Amino acid sequence: MTAPPPVLEAHGLVKEYRRGRVVDGVRLVVREGERVGLLGPNGAGKTTTLLMCLGAVEPDAGSVHVLGHRVPAGRSAAMRGVGFAAGYLPLPDRLRVREYLRLYADLYGLRAPRAAVENALEHFGIGHLASAIGTELSSGQRTLVGIAKASLHTPRLLVLDEPTAALDPDIALRVRTGLLDLCARHGTALLVTSHDMVEVERLCERVVFLAAGRVTADGTPEEVARQYAQQDLEGVFLHLAEERDRERAGRDREGAGAV
Amino acid sequence: MSATEAPDLRELRGPAAASAHRVGAVARRHWLVLRRSPHRIFDVLVWPVVDTLLYGSIGLFAAKAAGGGTGAGGGSAELGTAPTLAVFLLSGTVLWHLVHQTQISLATGFLEETWSRNVIGLLTTPLRGWEYLAGVGLFALVRTALSTLAVASLAFAAYAFDVTTLGLGLIPVAALLLLCGWAVALAVVGLVLRYGSGAEALVWGGLSVVMPLSGVFYPVSTLPAPLRPVAEALPTTHVFAAGRALTGDGPTPWHELAVATLGTAALLVLALFFLGRMLASFRRRGLVTRYS
């Protein structure tokens, strides 16, 4: 059986900041309708990788194609079919939720923005928040509105950075159900980063682990857990975090010795 | 969760219509922010009115002291008379607010995105750079119109200075000042992109350097000699010189307008080039993470 076409293809991504190389040769492919988790401990390079895939940060080396468009050059065309939300981003503080969603519906270029906004409010069960100003919302409500914004145009690729970080279990369940429904009904591919390994196991059919800017594992949650001789993704995560801490301690000792 | 999406909700506009709606959406977003920001009234109305009162009263005082009448409107444009000083000050105030308001409206529009950490959100939509600038520019135009209307109305009501007496020549002068304000704002936005909040002070203070050198209220021949070549190199100097010439009975100052047009075009090209370089640096250095 032929594999579905890729909606995101990143090859050999490299990014170096003053503090060092944060992404080192990452290859990441997400296919149509696929739900992929991009995982790793803090500082592994997840957010930088996502921002390069979205054209917001330019890679030092490597290439990114989103929906057939090379980014960052073809960012505008590519983003017509991409949605992005991050749990850490606030909502603009002087816009009502409905106005905020309407702004993004227009930015995506939707022909029926008003109907799309009403649909999103209903789909994520946040109609009662429509007239609230961004600062009046709880972090969980803001996250829901952010995800509603990202899926207004029923994107072919939905990228979520830490989407459920601030959510109560019941809201997280609503988000997960909504996302699974979106993916199932429209073939939307999902690329999600999260520190909640249980959430990832429920949501994603494939996971890519990053450590020190490199891909260290790529497979189903079960395959990756087996690769590291762990019971689940949380075990893999803890194992990689321990490795990172050991490496850091080793570097610190070397640095102290050199002095 | 309900499942009520209609298939047509996914339909996108054609490229031209989508662009136009994106420009409108950005302008509307900033208009809503202005409406809900009472403190912005100071920038839009209070300071311009204070400036008009200050410079109008200084001009009127000078006119009275020289026995030159009680209003600014009837003054001759001949250099050196007290009514002329009043006219220079008031016309300078009105024209200065065109460039000043345009610049701060556009620049604070961008700052609003950084303050509300909306930069990543915008970068992950199809919004192009020029669409964003056009949207904020459209908003800046409305805001500038409001502010200038307030200044011009006060100048007329309190000092009998009617800005429309400058005639049709006012149209190119106003257009050039708007473009100069845009150019300075683009350069400031570039600096904020590259250097972050450290460059924000330039939004309010950047034009203060240009103001004395541009001869807003006086001919640049009154500046110290070493500064005159610098002043001559600024397009704003020629726009204000043209504006002052309009206050007299002489012919339309075509030469000044031509020099001002060329200078303004060059300034805009430079500002766009600079902004492009700063945006490239912003992407290359991953500076967007400041707003994450």
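These figures come from a predicted structure and were not determined experimentally.

Trainee: Lay out the sheet that holds strand β6 (residues 82-86) of chain A in plain terms, naming residues and giving numbers.
Mentor: All names here are of chain A. Reading across from one edge, β6-β7-β8-β3-β9-β10 is the order of the six strands in this open sheet, with mixed pairing throughout. On the outer flanks of this sheet lie β6 and β10 (214-219), each paired with one strand and no other. On average, each strand axis in the sheet is inclined to that of its neighbour by 15°, with strand direction left out of account. Pairing between strand β9 (residues 206-211) and β10: five bridges, direction antiparallel. Across the sheet, the residue bridging to Ala211 is Arg214, located in β10. Packed on one face of the sheet, helix α6 (residues 169-186) meets β3 (35-39), β7 (157-161) and β8 (189-193) and runs near 160° to β7.

Trainee: Report on the pattern of salt bridges, specifying residues and quantitative values.
Mentor: Counting across every chain of the model gives 23 salt bridges over all chains. For Asp106(A), the salt bridge is made with Arg28(B), and the minimal N-O distance between the two is 3.3 Å. Taken together, the positions of Asp106(A) in helix α3 (residues 97-108) and Arg28(B) in helix α1 (residues 15-35) put the pair across two chains. When the shortest N-O distance is used, the salt bridge between Arg206(A) and Asp218(A) registers 2.8 Å.

Trainee: If you had to explain the packing of aromatic side chains to someone new, which residues and values would you point to?
Mentor: As enumerated under the stated definition, the model contains five aromatic pairs over all chains in all. Between Phe42(B) and Trp47(B), the aromatic rings sit 5.5 Å apart at their centres with planes inclined by 50°, giving tilted as the arrangement. Here Phe42(B) falls in the partly exposed class, since its relative accessible area comes to 41%. For Trp47(B), a relative accessible area of 45% puts it in the partly exposed group. Measuring from centroid to centroid gives 6.2 Å for Trp96(B) and Phe240(B), while their planes differ by 35°, and the two rings are tilted. Taken as a pair, Trp96(B) in helix α3 (residues 82-115) and Phe240(B) in helix α9 (residues 235-246) lie far apart in primary sequence, 144 residues in all. Owing to a relative accessible area of 5%, Trp96(B) belongs among the buried residues under this scheme. Put simply, the rings of Tyr100(A), Tyr104(A) and Tyr108(A) touch in pairs and so form one group of aromatic residues. Lying across the ring of Tyr104(A), Lys149(A) places its NZ or CZ 4.7 Å from the centre. The ring of Phe88(B) has Arg244(B) lying over it, and the distance from NZ or CZ to the ring centre is 5.6 Å.

Trainee: Would you mind going over the interface of chain A and chain B in detail, with residue names and values included?
Mentor: Contacts between chain A and chain B engage 50 residues on the former and 44 residues on the latter. Surface buried jointly by chain A and chain B totals about 4700 Å² across both partners, of which 54% is contributed by carbon and sulfur atoms. A per-residue breakdown of the area chain A buries against chain B is headed by Arg94(A), Leu107(A) and Arg111(A), which together make up 16% of the total. Inspection of the chain A/chain B interface yields four salt bridges.

Trainee: Give a description of the pairing of strand β1 (residues 6-17) of chain A that names residues and reports values.
Mentor: Note on strand geometry: in a regular strand, side chains alternate between the two faces of the sheet. All names here are of chain A. In this structure, β1 lies alongside strand β2 (residues 20-31), joined through nine bridges in antiparallel fashion. The residue of β2 that forms the bridge with Glu9 is Val29. Here β1 folds back onto β2 in antiparallel fashion, the turn holding two residues. Where β1 and strand β4 (residues 61-66) come together, five bridges link them in antiparallel fashion. Within β4, the position partnered with Leu8 by the bridge is Val66.

About the thresholds
- Residues numbered from 1 in each chain as written.
- Chains lettered and ligands numbered in written order.
- Predicted model: local features only at pLDDT ≥ 70, side-chain atom pairs only at ≥ 80, totals over all residues.
- Heavy atoms only, no water.
- Pairing = 2+ DSSP bridges.
- Helix = DSSP H or I, 4+ residues; strand = E, 2+ residues; numbered from the N terminus.
- Axes fitted to C-alpha atoms, helices over the stretch in contact; angles between N-to-C directions.
- Contact = heavy atoms within 4.5 Å.
- Salt bridge = Lys/Arg side-chain N within 4 Å of Asp/Glu carboxyl O.
- Phe/Tyr/Trp six-rings, centres within 6.5 Å; stacked < 30°, edge-to-face > 60°.
- Buried < 20%, exposed > 50% of the residue type's maximum accessible area, 1.4 Å probe, protein only.
- Lys NZ or Arg CZ within 6 Å of the ring centre and 35° of its normal.
- Buried area = accessible area lost by both parts, 1.4 Å probe.

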